[in-house]
Structures are given as structure tokens and as C-alpha cells.
Amino acid sequence: VTAAIRRTVLALLLVLLAGSALAIDTETPLPDPAQQARYTALIHELRCLQCQNQTIADSAAGLAADLRHEVRGMVASGKSDDEIRRFLTDRYGDFVLYQPPVRGRTVLLWAAPVLLLLAGLATVGVVIVRRSRRPIDLESEPEGGGTAQ
Amino acid sequence: VSESVTTETSQERPGAWRYLLPFVLFVALVGVFSLTLWKIREHRLNIEEIKSPLIGRAAPAFDLPSLANPAERVANAAFHGRPYLVNVWGTWCGECRAEHGTLLELAKSGQVPILGLDWKDDSALAQSYLVGLGNPYTAVANDADGRVAIDWGVYGAPETFLVSADGIVLAKHIGAMTIDVWRHDFAPRIGGARP
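Residues numbered from 1 in each chain as written. Chains lettered and ligands numbered in written order. Predicted model: local features only at pLDDT ≥ 70, side-chain atom pairs only at ≥ 80, totals over all residues. Heavy atoms only, no water.

(A) Looking closely at the side chain of Asp143(B). Residue and element names in this part refer to chain B. Note that Asp-143 resides in strand S5 (residues 139-143). One buried charged residue, Asp-143, forms no salt bridge at all, with the nearest opposite charge on Arg-147 at 7.6 Å. The residues contacting Asp-143, other than those within four sequence positions of it, are Leu-64, Leu-117, Asp-118, Trp-119, Lys-120, Val-148 and Ala-149. (Helix = DSSP H or I, 4+ residues; strand = E, 2+ residues; numbered from the N terminus. Buried < 20%, exposed > 50% of the residue type's maximum accessible area, 1.4 Å probe, protein only. Lys, Arg positive; Asp, Glu negative; His and termini not counted. Salt bridge = Lys/Arg side-chain N within 4 Å of Asp/Glu carboxyl O. Contact = heavy atoms within 4.5 Å.)

(B) Highlighting the packing of aromatic side chains. Counted by the stated rule, this structure contains seven aromatic pairs over all chains. Relative to Phe161(B), the ring of Trp152(B) has its centre 4.9 Å away and its plane inclined at 75°; by these criteria the two rings are edge-to-face. Three or more aromatic residues joined by ring pairs form one cluster here, namely Phe62(B), Trp152(B) and Phe161(B). It is Arg47(A) that lies over the ring of Phe95(A); its NZ or CZ is 4.1 Å from the centre. Stacked on the ring of Tyr98(A), the Lys or Arg Arg47(A) has its end atom at 4.3 Å from the ring centre. (Phe/Tyr/Trp six-rings, centres within 6.5 Å; stacked < 30°, edge-to-face > 60°. Lys NZ or Arg CZ within 6 Å of the ring centre and 35° of its normal.)

(C) Here's a closer look at the pattern of salt bridges. Residue and element names in this part refer to chain A. This structure, assessed with the given rule, holds 13 salt bridges over all chains. Note that Asp-25 and Arg-68 form a salt bridge whose closest N and O atoms lie 3.5 Å from each other. Taken together, the residues span a long stretch of sequence, with Asp-25 in the loop between helix H1 (2-18) and helix H2 (33-43) and Arg-68 in helix H3 (residues 62-76) at a distance of 43 residues. When its relative accessible area of 21% is taken as the criterion, Asp-25 is described as partly exposed. Residue classification places Arg-68 among the buried residues on the basis of a relative accessible area of 3%. With a shortest N-O distance of 2.7 Å, Arg-103 and Asp-94 are connected by a salt bridge. For Asp-94, a relative accessible area of 29% puts it in the partly exposed group.

(D) Quick peek at the sheet that holds strand S3 (residues 84-89) of chain B. Residues and elements named next belong to chain B. As summarised here, the arrangement of the five strands in space is S5-S4-S3-S6-S7, forming an open sheet in which the pairing is mixed. Every other strand in the sheet has two partners, leaving S5 and strand S7 (169-174) as the edge strands with one partner each. Neighbouring strand axes in the sheet, compared pairwise and without regard to direction, differ in orientation by 20° on average. Of the pairings in the sheet, the one linking strand S6 (residues 159-163) to S7 comprises five bridges and is antiparallel in character. By the bridge assignment for S7, Leu-162 is matched with Ala-171. The sheet contacts of helix H3 (residues 94-109) involve S3, strand S4 (114-119) and S6, and relative to S3 the element is tilted by about 160°. Along the sheet, helix H4 (residues 123-133) contacts S3, S4 and S5; its crossing angle with S3, the most-contacted strand, is approximately 125°. (Pairing = 2+ DSSP bridges. Axes fitted to C-alpha atoms, helices over the stretch in contact; angles between N-to-C directions.)

Below, the structure is given as C-alpha cells:
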């Protein structure tokens, strides 16, 4: 029975994944595999503004198709990734990039994970220090004590 | 962590703030979220609207076939010298119908010429659309492949740009144009620039 379940689950997973094989991208692959790889990477990091929660690689919207065409053309004509990104941000703003650049407005965004990690470590540190100063037998010490206040 | 905090606090007779602080933070957060949701519902905030990087910069130049006569060209450079509007539309766009009356009214008032950019549209349909509803445009450029729309950072019709006499993009409105937007957001920007 478990084997049957496993098989069914596997089949369902395969069906779910099959969607990705139905290509939204109808652009002809670039002859140079390296260029094609750059093209694929780029369209996965650019936002489709018509349907704001998808990349232009995922979106079936008309604008996404136009932008894929544009990006493909620029890759083919030898533009660098940065030049292509700049072409798009010049027209659509930083919002077109899924990875926002570090700027005055986004410093907090980029620093937040590190800051939160430090805050977490500091909290853990404080808790450990407090506990280590406390008598080991907590039950017999109703006042708790040992806390630095 | 939360477990250790509770046992710790229960043994310490802590100040009331220890209990109140998370509650106050929670209420503050709910407040911020509610206010933002309210703003969205009241159309005071449009989270889908992205500020155009074009504002304050030179309007991207284009030279496209005219919708009315493909043998003729429509170039926005020909409009420089006085402020003008660039209105991106298409017959497939529902909101464009909603703003059409406003565009006709603006055109009739003679305050600014309106340059239409027919975005990825069927030319025959577009022409009959203008015959049927009236034509507010001084000229309509046919952007059949949407290449010019990309240059203008267009992502959803209708979009309307205000361009100054010297060809600088002054403002952009996304969604149906209204007389209110014209009066409050557009007209004041060209108050000094008009002859």
C-alpha cells in the first residue's frame, strides 16, 4: 500500500512539475549556449510590471513577451548584463529588478537580516548570562534572583 | 525562547510594561496595516503604481507610422515647442473607453494637444473606434510591436504623460485620465510654461 501511495505522490508531483515544460517563453534559443544561459538568468530576475508578482520568464502577459524579446535582442547584440539591467531600470525604475540595488532607501532592507541576527544573538546572550547567574535549583528559590536589574 | 521568557518573568514580579509592550506593539502593527489597507480602499494609495523614472528627463523620441495613414509618420519631436500629452491606449483596453470622454473634453478645451500612442492594436479596429467615439488626438502613432511603449516605460494602458514645451516629461498618470487629475496634477505644472 505504501508503495502505491508513494507512486501516486510521485506521479502527482511529476504532473505538477510538468507545467514548467509548457514553455511560456516562445523566443528562439540563442545559438550561443553561454548567451542563452545569460538570457535565461536575466529573464528570471526581471519583474513583469503588468502582473507584478511574476518574473518576465513566468508571465504570459503581452508586455512580458515584449520584454523577453527585447532582452534576447540585447543579449544577442553583445550588451552586458549590467547594460541590459540599466536599459530596463531607465524605463521602469528599480522595481523591475527582483533584487533591489543597495541605495539610501534600501540600505535598511539589505541590512535588516544582519541586524535581526545580531539582535537575536544579543537576546540569546543576555538570557544565557542571566541564567548562569541564577541558582541552579529554581524551585526552592521563589524570588528567582540573580537577574541584573 | 518564549517559554523561557514566561518562566523568567513569572518569577520576577516584573513591571506591567513587560506584558503591555508586546500588546502595544501588536496594536501599533495592526494600526499601520489597517491604515494602509484603508488608504488602498479609498484610492489614496495605489500600490501598483510605480513612479516613472522618466519624470524630469527628456521624453523618449519616437517616429512611428500614423494610425490614420501608414504612409505618414508621427514624431513626438514635432510636438515640442508647447506642452503636450502623450496618451497610451488601445481598443483592447477597457479603462481607455472610460477616459475617452475626458480626453475629448480636454481636446475641445484646446489647452493641450494630445498625441495618441496606439499600443499593440489592430489598426482597423482602432480607426473605427475613433470614428465611433470621436477623436481627441491631434495625431495617433501606431506602436504595433510595442517597442516605443517600452521606451516610455509603459506597463498598463491607459497611461498619460505630460511633456513640457522643451520636451521634458513632467508627469505621468496611470489609469483612466480624469478632469480632476488634469486640474490638480497636470495643469499646474505647465502654468508657467504656456505661452
